[in-house]
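Summary of structural features
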Amino acid sequence: IPKAGVIGNPISHSLSPKLHNYWLRRYDLAGSYTALQVAEEDLETTIRSLPGQGFIGANVTLPHKVSVLQLADHITDRATLIGAANTLTFKEDGRIFADNTDGYGFIANLKQGAPGWNPKSGPAAILGAGGAARAIIVALADAGVPEILLSNRTRPKAEALRAEFGARIKVVDWVQAGPMLADAHIVINTTSLGMKGAQEFKVPLDDLQSQTVVTDIVYTPLRTPFLIAAEAIGCKTVDGLGMLLHQGVPGFERWFGMRPEVDDNTRQAVL
Ligand code: ATR
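Residues numbered from 1 in each chain as written. Predicted model: local features only at pLDDT ≥ 70, side-chain atom pairs only at ≥ 80, totals over all residues.

- By the naming in an unreviewed UniProt entry, the chain goes by Shikimate dehydrogenase (NADP(+)) and is assigned to Yoonia phaeophyticola.
- Of the comments in the UniProt record for the chain, the one headed Catalytic activity (unreviewed entry) reads "shikimate + NADP(+) = 3-dehydroshikimate + NADPH + H(+)". (UniProt positions renumbered as here; feature names shortened; annotations may be inferred.)

**Focus on the overall build of the chain**
- For the chain, the count of helices and strands is 11 helices and 12 strands.
- What you see for the chain is a C-alpha radius of gyration of 19 Å, in line with the 18 Å of a compact globule of 271 residues.
- If you line up the chain on its principal axes, its C-alpha atoms span 55 × 40 × 35 Å.
- Within the chain, the fraction of its 271 residues that count as buried is 45%.
- When contacts within the chain are restricted to residue pairs at least 6 apart in sequence, those whose partners lie at least 24 apart make up 64%. (Helix = DSSP H or I, 4+ residues; strand = E, 2+ residues; numbered from the N terminus. Rg over C-alpha atoms; globule rule 2.2 N^0.38 Å. Buried ≥ 20, exposed ≤ 12 C-beta atoms within 10 Å, placed from the backbone. Contact = placed C-beta atoms within 7 Å.)

**Side note on the domain arrangement of the chain**
- What the domain assignment lists for the chain is domain 1 (3–101 + 248–270) and domain 2 (103–240).
- Each of domain 1 and domain 2 has a C-alpha centre, and these two points are 26 Å apart.
- Tallying contributions element by element places helix α3 (residues 77–82) first for the side of domain 1 that touches domain 2, with 3 residues.
- In the side of domain 1 that touches domain 2, the residues fall into 5 nonpolar, 3 polar and 2 charged. (Domains from an automatic or database assignment. Nonpolar A, V, L, I, M, F, W, Y, C, P; charged D, E, K, R; others polar.)

**Considerations on the site of the ligand**
- Close to the ligand lie 15 residues, the nearest being Gly128, Gly130, Gly131, Arg153 and Thr154.
- Looking at the shell around the ligand element by element, the count peaks at 3 residues for helix α5 (residues 131–142).
- Per-class residue counts for the shell around the ligand are 4 nonpolar, 9 polar and 2 charged. (Near = placed C-beta within 6 Å.)

**Observations concerning the UniProt feature "domain: Quinate/shikimate 5-dehydrogenase/glutamyl-tRNA reductase" (unreviewed entry) in the chain**
- Per the UniProt record, "domain: Quinate/shikimate 5-dehydrogenase/glutamyl-tRNA reductase" (unreviewed entry) is found at residues 124–192.
- From the first C-alpha to the last, residues 124–192 spans 19 Å; its make-up is 39% helix and 23% strand.

**Re the confidence of the model for the chain**
- Here the chain shows a mean pLDDT of 97. Residues at 70 or above account for 100%.
- This prediction of the complex comes with two scores: 0.95 for pTM and 0.91 for ipTM. (pLDDT = per-residue confidence, 0-100.)

**A word on the UniProt feature "domain: SDH C-terminal" (unreviewed entry) in the chain**
- As recorded in UniProt, the sites labelled "domain: SDH C-terminal" (unreviewed entry) are residues 240–263.
- Note that residues 240–263 is 62% helix and 0% strand, and that its end C-alpha atoms are spaced 14 Å apart.

**Brief notes about the nonpolar core**
- Core analysis: the largest hydrophobic core is formed by 78 residues, its most contacted members being Ala124, Ile126, Ile136, Ile148 and Leu150.
- Sort the elements by how many residues they give to this core and α5 lands first, with 8 residues.
- Residue contacts for Leu150: discarding those within four places in its chain leaves Ile126, Ala129, Ala158, Leu161, Arg162, Ile169, Lys170, Val171 and Val172. (Core = buried A, V, L, I, M, F, W, Y, C linked by C-beta atoms within 7 Å.)

**A closer look at the pairing of strand β5 (residues 87–90)**
- Taking every second residue as pointing to the same face, both faces of β5 are buried, with Thr87 and Thr89 on one and Leu88 and Phe90 on the other.
- Bridge analysis of strand β3 (residues 55–60) against β5 gives 3 bridges, and the strand direction is antiparallel. Its bridge partner lying in β5, Asn59 is registered against Thr87.
- Pairing analysis gives 4 bridges linking β5 to strand β6 (residues 96–99), with the strands arranged antiparallel. Within β6, the residue paired with Leu88 across the bridge is Ala98. (Pairing = 2+ DSSP bridges.)

**Some words on the environment of Asp207**
- By secondary structure assignment, the location of Asp207 is in the loop between β10 (186–189) and β11 (213–216).
- Residues Asp207 and Met180 lie 27 residues apart in sequence; the distance between their C-alpha atoms is 7.9 Å.
- Ignoring sequence-local partners within four residues, the contact set of Asp207 consists of Gly178, Pro179, Leu181 and Ala182.

**Thoughts on helix α10 (residues 249–256)**
- Within the sequence span of α10, burial applies to Val249, Gly251, Phe252, Trp255 and Phe256. Summarising the axial view, the buried residues of α10 lie within an arc of 165°, below the 170-degree limit, and thus occupy one face.
- Where α10 is buried, its residues meet β1 (3–8), α1 (16–26), β3, β5 and α9 (241–247).
- Two residues or fewer past α10, Gly257 is found with a positive phi of approximately 80°. (Arc of directions from axis to C-beta.)

**Some remarks on the packing of helix α4 (residues 102–113) against α5**
- Contact geometry of α4 with α5 gives a least axis separation of 8 Å together with a crossing angle of 65°. As for how α4 packs across α5, the hand of that crossing is right-handed. Touching Asp102, Gly103, Phe106 and Ile107 of α4 are Ala135, Ile136, Val138 and Ala139, all from α5.
- In terms of residue class, the contact of α4 with α5 is made up of 6 nonpolar, 1 polar and 1 charged. (Axes fitted to C-alpha atoms, helices over the stretch in contact; angles between N-to-C directions. Left-handed = near helix turned anticlockwise from the far one by under 90°.)

Here's what the structure looks like:
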């Protein structure tokens, strides 16, 4: 039976095994999907050994998403642009094909959760400039967002993304992150602020408009303090769990031959 899994360190918190095993059961497919805890120094040996053990592919999560590119024989354009991969497929001839579906998952989640949002209609505002922000910037630019307002506590990281991804990005100082939200048609929190166990979300929301779509990549808790505050203003909100579920779709389809649904049953299965 075809095997796949998720490679990370740590890995016990990953929801991917629940997600893929739920889909395997739902569609009555032969296959297995397991969590693989792999240290950085074992990454290459482990990945090279997987095809021989019957693995047809794997997801990759922190901290290996960037370093795994060095092992790949073919890297998709979107993975190259993002500078990281989350989905590997092992070809029969031994070649490793690396893709990044995070940006796809981000957009698919919004299309499902906020169907009224038109990417081309106006600016997006992003809080944070880490690895998650990179995938989202690439996805938003690809979807035709005319302007990306980007604010990060450590401003040089936002400047570096502007230098890399171009003039469509406007860097806004972290102290101006609140006023920045006034012009946005969509606001995305990519920082860890508001996550269970992390610091509280304290960007002022006085300028946030009720027509703005608001999303958070944090999904523990599912309804973050940021999403709750945005709902109180009247904003349409989309939680971050859907991004995780949708990013799994292309890999599952490639490995197991069936394009899976992301719906309420899928959400229930991983919670
Ligand atoms: P990820 O890959 O999930 O984006 P990351 O690369 O560690 O994770 O990025 C975390 C983001 O959260 C960064 O934008 C970080 O800001 P800095 O670049 O200034 O570190 C942001 N972040 C984390 N804690 C924060 C805090 N207390 N206040 C503001 N931003 C914070």
